Protein chains: 2
Amino acid sequence: MNHQISLTAYLAAFVAELVQTGIKDVVVSPGSRSTPMAMVMAEHPEINIHIHVDERSAAFFALGIARVTNKPVAILCTSGTAAANYFPAIIEARYSRVPLLVLTADRPHELREVGAPQAIDQIHLYGQHVKWFADMALPESSTEIIRYARTVGARAAAIASQAPAGPVHLNFPFREPLIPKLDEDIFQLEERPMGYVKVRNGELTIHDDELKEISLKLNGYTNGIIVCGNIADDRFAQAVTDLSEMLKFPILADPLSQLRSGQHHLENIVETYDTFLRNEDAKVYLKPDVILRFGAMPLSKALTIFLKENHQAEQFVIDGAGGWRDPSSLSTEMIYCNETFFCEKVVAFSETRTSGEFLEKWLAVNDLTKANMALIKDSQQLSEGRLFYELADMLPKGATLFVGNSMPIRDLDSFFHNNSKSIKVIANRGANGIDGTVSTAIGASLYSQPLYLVLGDLTFFHDLNGLIASKLYNIDVKIIVVNNNGGGIFSFLPQSEHPKHFELLFGTPLNLDFEHAVKMFNGNFTRIKDWEHLQELMNLSTEVKGLNVYEVVTNRESNLVEHRDFWRIVSEEISNFVKGAD
Amino acid sequence: MNHQISLTAYLAAFVAELVQTGIKDVVVSPGSRSTPMAMVMAEHPEINIHIHVDERSAAFFALGIARVTNKPVAILCTSGTAAANYFPAIIEARYSRVPLLVLTADRPHELREVGAPQAIDQIHLYGQHVKWFADMALPESSTEIIRYARTVGARAAAIASQAPAGPVHLNFPFREPLIPKLDEDIFQLEERPMGYVKVRNGELTIHDDELKEISLKLNGYTNGIIVCGNIADDRFAQAVTDLSEMLKFPILADPLSQLRSGQHHLENIVETYDTFLRNEDAKVYLKPDVILRFGAMPLSKALTIFLKENHQAEQFVIDGAGGWRDPSSLSTEMIYCNETFFCEKVVAFSETRTSGEFLEKWLAVNDLTKANMALIKDSQQLSEGRLFYELADMLPKGATLFVGNSMPIRDLDSFFHNNSKSIKVIANRGANGIDGTVSTAIGASLYSQPLYLVLGDLTFFHDLNGLIASKLYNIDVKIIVVNNNGGGIFSFLPQSEHPKHFELLFGTPLNLDFEHAVKMFNGNFTRIKDWEHLQELMNLSTEVKGLNVYEVVTNRESNLVEHRDFWRIVSEEISNFVKGAD
């Protein structure tokens, strides 16, 4: 009985502390060793428990919630390989800077590495990929250990949230019997007369003297560009567009920068660079002397090459989380300062420019490229290019658009244009995997409605299990599956020029009729017939409930031809324009 | 071009060396960074490439092949979270001592931890869970580096195979362009005039003097038992049954010991101990003075408790792989010696006993328990107990029986009896996870036919994606899904006495109609109506091809009642017998 009292007091203190830090969602995968934690959590009135049998999907589901709420979400599983299934989502959380609290149950010390059942070495299980690991003390109810349990809870949540946000792992050894004592109000804890620990997380900023010096430098340039990748700060759009207006530098906005869609000023935002920076004349015409970079590396390869070619330019990389996002070793100043703070300060220390010839050049090329996008819109048959071109028009205001990796995110980059509909665009771009996409999107749907997920068939297949969350919890999600029956991206890569092993190794057609799977998860499945059909269903989509899957069947070969034709024609137009302008 | 020549020569040398070590199966998950290795492997005439989009399933599929062939199988994936999806199978391979060669593609050094796309820290990605990790040199074609590549290949395969067999991880950094030069016979390698490295892996043995000393000790005891868990050595059955016959010690044979079914002597093999060791009278009646343990810890909890209660007994743990399989700290001698060698030597150094009263006692209780199993067979409705009781009769000779974790393996332990049908029983008992079961079984089916997989509904759901291997490669597999709509095992655990959160946290019904999923993977699905129906389908099962799923719907509550009734009635019989015998 003493064991049971200690177990309960220890876990109640820990769980109460988690709730105090703001954690309210916990994704639990069923298991035996994790019983005491699961039961104490289920007892807390402010915790929402989501059950997910497949731990891989469970962790991505939690990642989806954390991604849209910017708050740590806890995941709980039993000992053994269950915990290993969390690994992909943990790595994604680390590189995409999403807070996650990983709680694993373990055997006690005497049952470790001695052949006990379902016991694996869980110490530092995720290696360097978590920000903090603690192997917890065995449950005790002494004042010291209760204080310890509560402090670790507060600290773990704080570390997960601290910039760069990321995953934290706590490993809990539990002895049998595993049942806590729940017959009274276990969260009334007398052992904490001084209240809970509140952690105040600071932000990185640099001194005004340094910011003045940087502002002076920037004001000395006329030919500058601002490059924005994925960034999770609602205040940033206003700050960076103000900076752009002040300096007359165009903003090259990655779709995940959240700058292409919203109520902020869109005038200086360039979004078709992935197309026009494939053209050599444009690259000469638009050569910058200074580059400001915010957020993750943008996904456009054309832009990455352009940046590399402009190694002569001074390049400022601003990172409020103190990382090192510079794969081509191009930065001349690495500035560890909150990005919004940086923009506001530089604006304050700069003088307004009334005109910007360099900015006008970028905007002219961008406009020309957009004008030529009509080519893509003319496609009569279902095509990937037109789908992404039409998305902004088809989605309702305030929608969340979750985009799968591989081709969908690249097509989105090419064809998703500036609009004022405040469409939030998200993706798993920490490690760019195709795994866990369905679960992340459904997790995000819990707090961000309506949500549309657009992904390829291999990505859909990889996390089919994730659909069960929609069934079990009646979560509304609309999924557009772009089904080109295999790995469409490889047709764009040099592999495609070597037909001998191509279909075996890269094409990998699965020939699956997803209607069966969608039915199993109680969803509605519709195979799209033509553009009118898609438009009609998208119009109705705000009304439908539960899981709705729309399959758009495309063809890998004709998709390649469409893209190449488009790039060739636009490129000719751009060359003509640039030669005329010079 | 120099780059391409180096890349090709380096990989050809490595791949040729793998083939020389006996590796012929490679499971490849499509990706870009892994292109050069995939293309060179596809070029080798002796390599079978199996494509698996989901890396988690891919690794378990490879594990299944390795489990039945006892040879290392290679798995290959691209950089990023793809590699993290391998983690569950790697951990299972480690703890169940199965050789696996994990090949991951990586970005080159200048693109690591600098925000490059799809780049994660892959150095020591699997921590302590692999036997060896090497971050490979960048491809070069100097004689030294070619020798290095081939040597690492030979060494990696040898380490994976060395007792205890397990996973080895090689991480290959590749620079673009990623296409090898395949226009001539790349495997004719002049750089190796001295031929390949052949590694001769030794076995642990102890000296004859020590074996004589141990034999003398053992011959001093009359009340001894031999406990055999999972062991992968075809010669062991003969050796240990000879030893048992010599010493007149009964063999308590775990279902994974491969001792319950075969052409060896079955007379001294006790298989119902999980039932009768729940009875206190039997435990007193059968008290041993010496215990010999071989293989992994047996799965029976009743046996584990019995061993703990007999801490007074001298306990010899024989492990040919030098591990420490002793969760209750009971061993008095830990003997690092090949198990077959040990048995043969002790037999040679012992004198034959003509009778054994202690052995007869064990066999009598075992016979009595078996006689009472008729109770289970009488069940008219579909039930889990009777299913496992009937399995040995229903399966064809020489079949492989793959058993899912959680309840199925426990029911098998209780109800699968001695027979001469040479049924090979396998399961993922390294870490006892429910993950990857479908894939492991289908991988095993490639080399072990006919194969029957019996598993629960949650386990089936966890690895539904694994079914695609049967579809893509026309692999024959018969799957019996015991569908009790949730976590049946928890009804047997103390959690079930706390109804408040039970269905939420432990019951976890998914209410899935698996017929949809099976159809998607081109399989045949049959819901079993009654025992005659099942018998009929099992009779026909040797004729059917491809994926065949038989669903046996059971009920968690009545299952619990059936088991409890059975244990109670048998226990009464045993007590009566023991009291009569004393």
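Note that the coordinates shown come from a computational prediction; the quantities given were computed from them, not determined experimentally. By convention here, each chain's residues receive numbers from 1 onward along its written sequence. All chains are assigned letters beginning with A, and all ligands numbers beginning with 1, in the order in which they are written. Predicted model: local features are reported for residues with pLDDT of at least 70 only, side-chain atom pairs are reported and counted for 80 or more only, and whole-chain, interface and lining totals are derived from all residues. Side-chain numbers here rest on the full set of heavy atoms in the structure, without hydrogens or water.

Draft legend 1. How the structure looks around the overall build of chain A. Strands here are runs of E lasting at least two residues and helices are runs of H or I lasting at least four, both read from the DSSP assignment and numbered beginning at the N terminus. Of regular secondary structure, chain A possesses 23 helices and 18 strands. A radius of gyration in this sense is built from C-alpha atoms; the matching globule rule multiplies 2.2 Å by the number of residues raised to 0.38. Computed over its C-alpha atoms, the radius of gyration of chain A comes to 26 Å, within 12% of the 25 Å expected for a compact globule of 582 residues. Counting only C-alpha atoms, chain A reaches 85 × 60 × 45 Å along its principal axes. When accessible area is computed with a 1.4 Å probe and restricted to protein chains, residues below 20% of their type maximum are described as buried, those above 50% as exposed, and intermediate ones as partly exposed. Per-residue burial for chain A yields a buried fraction of 66% across its 582 residues. Here a residue-residue contact requires only that any non-hydrogen atoms of the pair lie within 4.5 Å. Sequence-distant contacts, at least 24 apart, represent 78% of the contacts inside chain A between residues at least 6 apart. The Shrake-Rupley method, run with a 1.4 Å probe sphere, supplies the accessible areas, and residue values consider only the shown protein chains as cover. As displayed, chain A has an accessible area near 20400 Å², and 49% of this comes from carbon and sulfur atoms. Positive: Lys, Arg. Negative: Asp, Glu. His and the chain ends are not part of the count. Lys charges are placed at NZ, Arg charges at CZ, Asp charges at CG and Glu charges at CD. Side-chain charges of chain A comprise 52 positive and 72 negative groups, with the mean position of each set lying 1 Å from the other.

Draft legend 2. Spatial organisation of the domain arrangement of chain A. Residue and element names in this part refer to chain A. Residue ranges assigned to the domains are those given by an automatic or database domain assignment. As assigned here, chain A comprises domain 1 (2-173), domain 2 (208-364) and domain 3 (374-565). Once two parts are joined, some of their accessible surface, as seen by a 1.4 Å probe, is lost; buried area is that loss totalled over both. Interface area, domain 1 with domain 3, both sides summed: about 1800 Å², of which 62% is carbon and sulfur. On the domain 1 side of the interface with domain 3, the three residues burying the most area are Phe60, Phe61 and Val68, jointly 30% of the side's total. In what follows, salt bridge is the name for a side-chain nitrogen of Lys or Arg lying within 4 Å of a carboxyl oxygen of Asp or Glu. Seen at the junction of domain 1 and domain 3, the total is zero salt bridges. Polar contacts here mean pairs of N or O atoms no more than 3.5 Å apart (in protein, one a potential hydrogen donor and the other a potential acceptor; neighbouring residues in sequence count only if both atoms are side-chain atoms). Inspection of the domain 1/domain 3 interface yields nine residue pairs in polar contact (both at pLDDT 80 or more). Every element with two or more residues in the side of domain 1 that touches domain 3 is listed here: β2 (48-51), α3 (55-69) and α5 (87-96). Ten residues, namely Ala, Val, Leu, Ile, Met, Phe, Trp, Tyr, Cys and Pro, are considered nonpolar, four, namely Asp, Glu, Lys and Arg, are considered charged, and the remaining ones, Gly among them, are considered polar. Grouping the amino acids of the side of domain 1 that touches domain 3 by side-chain chemistry returns ten nonpolar, seven polar and six charged.

Draft legend 3. Up close: the packing of aromatic side chains. For Phe, Tyr and Trp, where Trp contributes only its six-membered ring, two rings pair if their centres lie within 6.5 Å, and the inter-plane angle classes them as stacked under 30 degrees, edge-to-face over 60, or tilted in between. Per the stated rule, a full pass over the model turns up 31 aromatic pairs over all chains. On the basis of an interplanar angle of 40 degrees and a centroid distance of 5.9 Å, the ring pair of Phe502(B) and Phe506(B) is categorised as tilted. Of the two residues, Phe502(B) and Phe506(B) are both situated in helix α20 (residues 502-507); the distance of four residues between them amounts to about one turn of the helix. Residues Phe502(B) and Phe506(B) agree in their burial class; the two are buried. The structure contains a cluster of three or more aromatic residues connected by ring pairs, namely Phe87(A), Tyr126(A), Phe87(B) and Tyr126(B). Over the aromatic face of Trp567(A) sits the side chain of Arg278(A), whose NZ or CZ is 3.7 Å from the ring centroid. In this analysis the charged atom, NZ for Lys or CZ for Arg, is taken to sit over a ring once it is within 6 Å of the ring centre and within 35 degrees of the ring normal.

Draft legend 4. Representation of the sheet that holds strand β10 (residues 290-294) of chain A. Residues and elements named next belong to chain A. Pairing in this open sheet of six strands is parallel, and the strands run β9-β8-β7-β10-β11-β12 from one edge to the other. Two strands lie at the open edges of the sheet, namely β9 (269-270) and β12 (333-335), each paired on one side alone. In terms of strand pairing, strand β7 (residues 224-228) meets β10 through five bridges, oriented parallel. Residue Ile225 lies in a different strand from β10, and its bridge partner there is Ile291. Here the axes come from fitting lines to C-alpha atoms, over the contacting stretch only for helices, and the angles between their N-to-C directions go from 0 to 180 degrees. Packing of helix α12 (residues 339-348) onto the sheet brings it into contact with β10, β11 (314-318) and β12, and relative to β10 it is tilted by some 140 degrees. In short, DSSP must find at least two bridges between two strands for them to pair.

Draft legend 5. Geometry of the sheet that holds strand β11 (residues 314-318) of chain B. All names here are of chain B. Here we have six strands laid out as an open sheet, ordered β9-β8-β7-β10-β11-β12, and parallel in their pairing. The two strands at the open ends of the sheet, each matched to only one other strand, are β9 (269-270) and β12 (333-335). Pairing of strand β10 (residues 290-294) with β11, which is carried by five bridges, proceeds in the parallel orientation. Its bridge partner being in β11, Arg293 is matched across the sheet by Val317. Together, β10, β11 and β12 form the strand contacts of helix α7 (residues 208-219), whose direction differs from that of β11 by roughly 140 degrees.

Draft legend 6. Representation of the UniProt feature "domain: Thiamine pyrophosphate enzyme N-terminal TPP-binding" (unreviewed entry) in chain A. UniProt positions are given in the numbering used here, feature names are shortened, and annotations may be inferred rather than shown by experiment. Taking the UniProt record as the reference, the feature "domain: Thiamine pyrophosphate enzyme N-terminal TPP-binding" (unreviewed entry) is found at residues 13-124 of chain A. Structurally, residues 13-124 of chain A comprises 41% helix and 18% strand, and the distance from its first C-alpha atom to its last is 24 Å.

Draft legend 7. Geometry of the pattern of salt bridges. All chains considered together, the criterion is met by 59 salt bridges over all chains. Glu110(B) serves as the salt-bridge partner of Arg175(B), at 2.7 Å between the closest nitrogen and oxygen. Within this pair, whereas Arg175(B) is found in the loop between β6 (167-173) and α7, its partner Glu110(B) is found in the loop between β4 (100-106) and β5 (132-135), the two being separated by 65 residues in sequence. What makes Glu110(B) partly exposed here is its relative accessible area of 39%. Between Lys283(B) and Glu309(B) there is a salt bridge, with its nearest N and O atoms 3.0 Å apart. You can see Lys283(B) sitting in helix α10 (residues 280-285) and its partner Glu309(B) sitting in helix α11 (residues 301-309), a full 26 residues away along the chain. Residue classification places Lys283(B) among the buried positions, given a relative accessible area of 9%. Here Glu309(B) falls in the partly exposed class, since its relative accessible area comes to 39%. Overlapping salt bridges, with partners in common, bring together Arg33(A), Glu176(A) and Lys301(B) in one network.

Draft legend 8. Representation of the UniProt feature "domain: Menaquinone biosynthesis protein MenD middle" (unreviewed entry) in chain A. Under the UniProt annotation, "domain: Menaquinone biosynthesis protein MenD middle" (unreviewed entry) lies at residues 222-403 of chain A. Within residues 222-403 of chain A, the helical portion is 39% and the strand portion 15%, while the C-alpha atoms at the span's ends are 36 Å from each other.

Draft legend 9. Region of interest: the packing of helix α15 (residues 384-394) of chain A against helix α22 (residues 531-540) of chain A. Residues and elements named next belong to chain A. Where α15 contacts α22, the axes come no closer than 11 Å and their chain directions differ by 30 degrees. As judged from the angle between their axes, α15 and α22 are roughly parallel. In the packing of α15 onto α22, the handedness of the crossing is right-handed. Between α15, through Arg386, Leu387 and Met394, and α22, the contact on the second element is made entirely by Trp531, Leu534, Gln535 and Met538. Every angle not falling under 35 degrees, over 145, or within 65 to 115 is termed oblique; those three ranges are roughly parallel, roughly antiparallel and roughly perpendicular. Crossing chirality is assigned from the near helix's rotation relative to the far helix, an anticlockwise turn below a right angle marking it left-handed and a clockwise turn marking it right-handed.

Draft legend 10. Structural view of the nonpolar core. Nonpolar cores were defined as sets of buried Ala, Val, Leu, Ile, Met, Phe, Trp, Tyr and Cys residues, with membership established by side-chain atoms within 4.5 Å. Among the nonpolar cores identified, the biggest contains 126 residues, and Phe460(A), Ile479(A), Phe460(B) and Ile479(B) are the most heavily contacted of them. Ile479(B) has contacts with Leu453(B), Leu455(B), Phe460(B), Leu467(B), Leu547(B), Asn548(B), Val549(B) and Tyr550(B), leaving out every residue within four places of it along the chain.

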